[in-house]
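The primary structure of each chain is shown beneath.
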Amino acid sequence: MSDQNEVPAVGGKSFTAVAINSASKAGEWIKTKLGNHTSLSLKYSAQDLVTEVDKGAETMIRNLVQTHFPHHSFLGEEGVEPGPEASDRALQSVRDAEYLWVVDPVDGTTNFVHGFPFFSVSIALAHKGEVIVGVVYDPIRDELFVAEKGKGAYVRGRRTQVSEEQTLRDSLLATGFPADPNYALPINMRGLQALVPQVRNIRSGGSAALHMAYVAAGRLSGFWEYGLNSWDLAAGALLVTESGGQVTDTKGNPYHLGVRHAAASNGHIHEAFVKVLEKAESDV
Ligand code: 2AM
Ligand code: CA
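What counts, and where the lines are drawn
- Residues numbered from 1 in each chain as written.
- Chains lettered and ligands numbered in written order.
- Predicted model: local features only at pLDDT ≥ 70, side-chain atom pairs only at ≥ 80, totals over all residues.
- Heavy atoms only, no water.
- Helix = DSSP H or I, 4+ residues; strand = E, 2+ residues; numbered from the N terminus.
- Expected span 1.5 Å × (residues − 1).
- Buried < 20%, exposed > 50% of the residue type's maximum accessible area, 1.4 Å probe, protein only.
- Arc of directions from axis to C-beta.
- Contact = heavy atoms within 4.5 Å.
- Near = heavy atom within 4 Å.
- Polar contact = N/O pair within 3.5 Å; in protein donor to acceptor, adjacent residues only side chain to side chain.
- Areas by Shrake-Rupley, 256 points an atom, 1.4 Å probe, with all protein chains shown as cover.
- Domains from an automatic or database assignment.

I tried to follow helix H5 (residues 184-195) on my own but got confused; where do I start?
Residues spaced three or four apart along an α-helix face the same direction, because each turn holds 3.6 residues. The terminal C-alpha atoms of H5, which comprises 12 residues, lie 16 Å apart, in line with the 16 Å expected from a rise of 1.5 Å per residue. Buried within H5 are the following residues: Ala-184, Ile-187, Asn-188, Gly-191, Leu-192 and Leu-195. For H5, the buried positions fall inside an angular range of 135 degrees around the axis, keeping them on one side. The inward-facing, buried residues of H5 contact strand E10 (172-175), strand E11 (201-203), strand E12 (222-225) and helix H8 (270-282).

Before we go on, may I ask you to explain the site of ligand 1 in this structure?
Around ligand 1, a shell composed of 17 residues is seen, among which Asp-104, Asp-107, Gly-108, Thr-109 and Glu-225 lie nearest. Backbone polar atom of Val-106 to an oxygen atom of ligand 1: 3.2 Å apart, as the coordinates give it. Side-chain polar atom of Asp-107 to an oxygen atom of ligand 1: 2.7 Å apart, as the coordinates give it. Computed on the free molecule, ligand 1 has an accessible area of 480 Å², of which 85% lies beneath the protein chains in the complex. Among the elements that line the shell around ligand 1, the one with the most residues is strand E4 (residues 99-107), at three residues. Counting contributing residues, the shell around ligand 1 receives three or more from each of domain 1 (3-159) and domain 2 (168-282).

Worth remembering: the numbers are spatial, not functional.
Okay, here's the thing in structure tokens:
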């Protein structure tokens, strides 16, 4: 990343240092608000929640990033109107930006609201549409997952590596249940029904970014979910590929920022995994 040394406004911090600093500051603040957030509103549906903590954390991250890189573009969940069409439009308007920060201040808001301790801060930086830095921070376990394009991925100072399982039968997978009851949910249920008897087991933790980080760290063999947004996936996608895994859409096409239906795995099981999902989609 030779252009890392473009002249920043304040200090000379690298992109990765700013991503790490922003994620950890926001994460620590979010943790202090667990169990005492004051406002809760519904966005697109009864499943789509937002609190003042989501908005406050995004503002904090945006301010930190813009202090260092005022000319970079910024796409954050809370700056976009709810719903898939608005998300697609927002991404289209910035995806050709030279540098684009793609941020989910709280990934797993439902968990945060219920006090279920599995949520994360997800921060990615894309250069001309390609993710070059990805950070996912879990403030509850104080685990910070960091990936740099071409340089690997790390957690707790150790390189992350995807798991070794070679077959679905030996695999632990995770999924998330889509908010869209008409299209995505029935497809996901078919995939789930087909996969449950073929794998070791399936989990649904409620944070796509953290699930992706767990695939990167070899704690899950694979993860899939329908109806996600760029900010749920961007950082996690780089973590997985830099840990030796594979990220595609649920039909097996390569990952890019616009992918909404995603499948990530250790690579070994990917073909068999996607085949089951494809069949479930075509059977609907
Ligand atoms: P969020 O908490 O940032 O909304 C859980 O299955 C995963 O799906 C989480 O990563 C969650 O991100 C995301 N998610 C939940 N509701 C969503 C919605 N209405 N549209 C897109 N993604 C959603
Ligand atoms: Ca969020």
